[in-house]
Amino acid sequence: MSSDDGNRPRLHLTRAGGRTRVHPWIYRGEIAGLEGEPEPGAAVTVIDGSGAFAGVGFYNPRTSLACRILTRREEAVDAAFFAARIAGALAYRRAAGLASDAYRLVWSEGDGLPGLVVDRYGAVSVVQCFTLGMSRVIDWIAAGLRAAVGDGPVYLADDPAGARLEGFEPRRGWLDREGPETVTVREGDARFRVRLGAGHKTGFYLDQAENRARVGRRAAGRRVLDAFSYSGGFAVHALAAGAEHAICLDSSPEALAGARENLALNGLAERAELREVNAFDELRRLEREHARFGLVILDPPPFTRRRDALEAARRGYKEINLRAMRLLGPGGLLATFSCSHHVSPAFFEDVCRAAAEDAGVTLRTLGALTQSGDHPVLLTVPETRYLKGLLLERL
Ligand code: SAH
């Protein structure tokens with residue numbers, strides 16, 4: 001784990017200039033050669049094709065994305081480095097008013113810490129390592145975290161798929177001392193119970209926090225369909241803001257158990273109905289029934305994780321959007337999302353337009369939606385933006 005600047009192994013790139021100076025990803029095919037024998041997951045000094053210093057990054061010979069740059073300065077990548085990066089991430093969120101009860105404190109490349117995600121739920125930090133390099137320095141990360149946010153419990157929730165790819169054992173559990181099984185967090189006026197180590201992501205979809213608030217503000221008096229509801233985030237906000245009724249659809253019983261708990265926690269259970277169904281089938285059925293809603297939310301899982309499966313994803317997005325549009329009465333709202341990395345905002349808008357053409361409905365765009373500000377997007381690293389959505393009104 002030594003990171004002494006002078007003795008670090010060197011990785012030589014074939015390229016120089018432009019993207020090389022601002023984008024942290026280095027693919028195996030872009031490596032001209034190595035000097036020294038870096039251990040998998042260790043820090044290397046990166047030299048560009050012109051012989052100039054290009055940064056310091058974690059190296060992994062196993063993956064095609066072989067190195068991710070951590071810093072553009074010739075500095076040690078050590079405990080102090082991680083402490084400073086984490087403090088910087090916290091300062092950004094505090095200045096932007098984002099450091100609430102539940103928020104993402106570290107968003108990988110977006111915070112200059114590629115391969116690391118940290119979410120905060122009350123006093124608990126949940127850490128996800130996506131790279132071998134990050135998993136090896138978990139003790140530095142935890143120390144930096146505790147220095148920044150206080151000496152709370154740290155839960156490890158490594159991404160199993162990432163771990164397999166990178167060649168490390170994914171960890172799930174408390175780092176050193178035990179913390180609570182659940183944490184109840186506040187998001188605006190709503191409260192949510194997060195089960196640590198259970199469910200999706202780190203337990204909650206923090207990336208939708210601002211969209212839940214925005215959609216909630218328009219929900220009063222409406223009948224709501226929250227398709228792909230997970231633990232009921234949108235439905236809870238909509239009902240708390242005065243929606244008449246909400247139906248949550250999810251294929252996962254665990255997700256719906258979370259939704260039931262969250263609706264009850266906010267005193268909203270009576271106005272909600274949960275359906276354990278395949279949302280594709282249920283949307284079709286509701287359409288046949290001529291059901292009408294004043295607000296539909298479509299927040300599906302990614303339909304593709306690969307660029308070459310985009311066309312199949314297009315069909316999936318078009319299908320659910322087409323059905324949802326047909327369920328809207330005049331003045332009805334549709335909040336529709338895609339979290340697939342390979343789907344661009346323009347592609348998504350195109351799919352929604354095609355769906356509207358087939359449905360024969362005219363829709364006004366009330367806003368383009370994206371991930372919450374605690375998932376910062378770097379202009380020079382477009383991959384840091386993955387969530388896109390549209391808020392549409394049927395005319
Ligand atoms: N809107 C939620 C997050 C949704 S995540 C929030 O704000 O918290 C996507 C959800 O879709 C997951 O809960 C998953 O269980 C569910 N899901 C995946 N495929 C589905 C399908 N075919 N039908 C219904 N639900 C599905």
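Model, not experiment: these values are computed from the prediction.

## Brief notes about the sheet that holds strand 18 (residues 328-338)
Judged by pairing direction, the sheet is mixed, and its seven strands sit side by side in the order 16-15-14-17-18-20-19 without closing on themselves. Either end of the sheet is taken by a strand with one partner, and the two such strands are strand 16 (272-276) and strand 19 (363-370). On average, each strand axis in the sheet is tilted by 15° relative to the strand beside it, whichever way the strands run. Where strand 14 (residues 223-227) and strand 17 (residues 293-298) come together, four bridges link them in parallel fashion. What sits directly across from Leu 225, in strand 17, is Val 296. In this fold helix 5 (residues 209-216) packs onto strand 17, strand 18, strand 19 and strand 20 (388-394), with an angle of close to 150° to the strand it touches most, strand 19. The strands that helix 9 (residues 310-326) touches are strand 17, strand 18, strand 19 and strand 20; relative to strand 18, the one it contacts most, it runs at about 160°.

## Some words on the environment of Ala 335
Mapped onto the elements, Ala 335 comes out in strand 18. Sequence separation between Ala 335 and His 237 is 98 residues; the distance between their C-alpha atoms is 13 Å. Residues in contact with Ala 335, not counting those within four places in the same chain, are Val 215, Val 296, Ile 297, Leu 298, Leu 390 and Leu 391.

## Structural notes on helix 3 (residues 138-149)
For helix 3, built from twelve residues, the straight-helix expectation of 16 Å at 1.5 Å per residue is met to within 8% by its first-to-last C-alpha distance of 16 Å. Listed in full, the buried residues belonging to helix 3 are Ile 138, Ile 141, Ala 142, Gly 144, Leu 145 and Arg 146. Each element contacted by the buried residues of helix 3 is listed here: helix 1 (79-95), strand 7 (102-107), strand 8 (116-121), strand 9 (124-129), helix 2 (132-136) and strand 10 (154-157). Backbone geometry just after helix 3 places Gly 150 at a positive phi near 105°.

## Brief notes about the sheet that holds strand 4 (residues 43-47)
With mixed pairing, the six strands of this open sheet are ordered in space as 2-6-5-4-1-3. Since the sheet does not close on itself, it has two edges, and those belong to strand 2 (25-27) and strand 3 (31-35), each with one partner. Neighbour to neighbour, the strand axes of the sheet diverge by 35° on average, direction disregarded. For strand 1 (residues 10-13) and strand 3, the ladder comprises four bridges, and the chain directions are antiparallel. Each residue of the ladder has a partner; that of His 12, found in strand 3, is Gly 33.

## Brief notes about the site of the ligand
Around the ligand lies a shell of 16 residues, among which Arg 212, Asp 250, Ser 251, Ala 279 and Asp 299 are the nearest. The separation between a nitrogen atom of the ligand and a polar side-chain atom of Asp 299 is 2.7 Å. Across the complex, the protein chains shield 90% of the 590 Å² of accessible surface that the ligand would expose by itself. Partitioned by chemical class, the residues of the shell around the ligand number eight nonpolar, five polar and three charged.

## Section: the packing of helix 9 against helix 10 (residues 345-359)
In the contact formed by helix 9 and helix 10, the axes pass within 8 Å of each other and the chain directions differ by 45°. With respect to helix 10, the element helix 9 is oriented oblique. Note that helix 9 runs across helix 10; the crossing there is right-handed. Together, Leu 310, Glu 311, Arg 314, Tyr 317, Lys 318, Asn 321, Leu 322, Met 325 and Arg 326 of helix 9 and Phe 347, Phe 348, Asp 350, Val 351, Cys 352, Ala 354, Ala 355, Ala 356, Asp 358 and Ala 359 of helix 10 make up the contact between the two elements. Here the residues of the contact of helix 9 with helix 10 sort into twelve nonpolar, one polar and six charged.

## Describing the nonpolar core
By size, the foremost hydrophobic cluster in this structure holds 42 residues, and its most contacted members are Tyr 121, Leu 196, Leu 295 and Ile 297. Per element, the largest residue contribution to this core is five residues, and it comes from helix 6 (residues 233-240). If you look at the next biggest cluster of nonpolar residues, it comprises 34 residues, including Ala 291, Phe 293, Ile 320 and Val 343.

## So, the domain arrangement of the chain
Domain annotation for the chain reports domain 1 (10-71), domain 2 (79-180) and domain 3 (183-394). Placing a centre on the C-alpha atoms of domain 1 and another on those of domain 2 gives a separation of 24 Å. Each partner contributes to the interface: domain 1 provides 14 residues, whereas domain 2 provides 18 residues. Taking both partners together, domain 1 and domain 2 bury about 1200 Å²; carbon and sulfur atoms supply 56% of that area. When the buried surface of domain 1 facing domain 2 is broken down by residue, Phe 58, Arg 68 and Leu 70 rank first, second and third, together holding 44% of it. One can count two salt bridges joining domain 1 with domain 2. Residue Arg 68 is joined to Glu 109 by a salt bridge in which the shortest nitrogen-to-oxygen separation is 3.3 Å. Of the residues that constitute the side of domain 1 that touches domain 2, the class distribution is seven nonpolar, four polar and three charged.

## Considerations on the pairing of strand 13 (residues 190-195)
Residues Ala 190, Phe 192 and Val 194 point to one face of strand 13 and are all buried, whereas Arg 191, Arg 193 and Arg 195, pointing to the other face, are not buried. Between strand 12 (residues 182-187) and strand 13, which pair antiparallel one after the other, the connecting turn spans two residues, and Gly 188 there sits at a positive phi close to 60°.

## With respect to the packing of aromatic side chains
Under the counting rule described, the total for this entry stands at eleven aromatic pairs. Plain terms: the ring middles of Trp 107 and Tyr 386 are 5.6 Å apart, the flat faces sit at 55° to each other, and that makes the pair tilted. One end of the pair, Trp 107, is in strand 7; the other, Tyr 386, is in the loop between strand 19 and strand 20, and 279 residues separate them in sequence. Residue Trp 107 shares its accessibility class with Tyr 386, and that shared class is buried. Linked through ring pairs, Phe 58, Phe 81, Phe 82 and Trp 140 together constitute an aromatic cluster.

Scoring rules and cut-offs
- Residues numbered from 1 in each chain as written.
- Predicted model: local features only at pLDDT ≥ 70, side-chain atom pairs only at ≥ 80, totals over all residues.
- Heavy atoms only, no water.
- Pairing = 2+ DSSP bridges.
- Helix = DSSP H or I, 4+ residues; strand = E, 2+ residues; numbered from the N terminus.
- Axes fitted to C-alpha atoms, helices over the stretch in contact; angles between N-to-C directions.
- Contact = heavy atoms within 4.5 Å.
- Expected span 1.5 Å × (residues − 1).
- Buried < 20%, exposed > 50% of the residue type's maximum accessible area, 1.4 Å probe, protein only.
- Near = heavy atom within 4 Å.
- Polar contact = N/O pair within 3.5 Å; in protein donor to acceptor, adjacent residues only side chain to side chain.
- Areas by Shrake-Rupley, 256 points an atom, 1.4 Å probe, with all protein chains shown as cover.
- Nonpolar A, V, L, I, M, F, W, Y, C, P; charged D, E, K, R; others polar.
- Parallel < 35°, antiparallel > 145°, perpendicular 65-115°, else oblique.
- Left-handed = near helix turned anticlockwise from the far one by under 90°.
- Core = buried A, V, L, I, M, F, W, Y, C linked by side-chain atoms within 4.5 Å.
- Domains from an automatic or database assignment.
- Buried area = accessible area lost by both parts, 1.4 Å probe.
- Salt bridge = Lys/Arg side-chain N within 4 Å of Asp/Glu carboxyl O.
- Phe/Tyr/Trp six-rings, centres within 6.5 Å; stacked < 30°, edge-to-face > 60°.

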